[in-house]
Amino acid sequence: MKQIILVFAAVALLAGCSRTADFKIAASNRLPDHINFFVDGKDQGIVPAGMSQEFVVELTYLDNSPTGWGGNRKEAQATCNARNRHTGELSRNLVITCFTDRTTTVEVNEWDFR
């Protein structure tokens, strides 16, 4: 009986300790074609040619996220890339660092596909 109670207490404790947060990432499409924008392999949506689109992405924040910077600021790393919807070509990976208190912008250019 004691073991069952300890298991339930551990599960309840872990359930309240989420290590994820929402991060704003904007994709600026500098191509003449529409793109699909990916963060950590997940398709976030379409960004029209010459336009920007902001996405809210749930990411696991880093252990060393400084909490003294204006309260609850969190830091995460993510890998972004894009697929050209006209050619089907996938861009190179771009590793970014993002923060919960600002929008991180990723520019997608033609040289990202070389």
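**Description of the environment of Asp63**
Move 1: As for its placement among the helices and strands, Asp63 is situated in the loop between β4 (52–60) and β5 (75–84).
Move 2: Looking at Asp63, the relative accessible area reads 70%, which means it is exposed.

**Looking at the confidence of the model for the protein**
Move 1: Averaged over every residue, the pLDDT of the protein is 86; the share at 70 or more is 78%.
Move 2: Across residues 6–15, where pLDDT falls below 50, the model places zero contacts with residues more than four positions away in sequence or in other chains.

**Structural notes on the pattern of salt bridges**
Move 1: A full pass over the atoms with the stated rule returns five salt bridges.
Move 2: Among the ionic pairs, Glu107 bridges to Arg30, the shortest N-O distance being 3.4 Å. Here Glu107, found in strand β7 (residues 103–108), pairs with Arg30, found in the loop between β1 (20–29) and β2 (35–39); they are 77 residues apart in sequence, far enough to count as distant.
Move 3: For Glu107, a relative accessible area of 42% translates into the label partly exposed.
Move 4: Judged by its relative accessible area of 45%, Arg30 is partly exposed.

Criteria and cut-off values
Residues numbered from 1 in each chain as written. Predicted model: local features only at pLDDT ≥ 70, side-chain atom pairs only at ≥ 80, totals over all residues. Heavy atoms only, no water. Helix = DSSP H or I, 4+ residues; strand = E, 2+ residues; numbered from the N terminus. Buried < 20%, exposed > 50% of the residue type's maximum accessible area, 1.4 Å probe, protein only. pLDDT = per-residue confidence, 0-100. Contact = heavy atoms within 4.5 Å. Salt bridge = Lys/Arg side-chain N within 4 Å of Asp/Glu carboxyl O.

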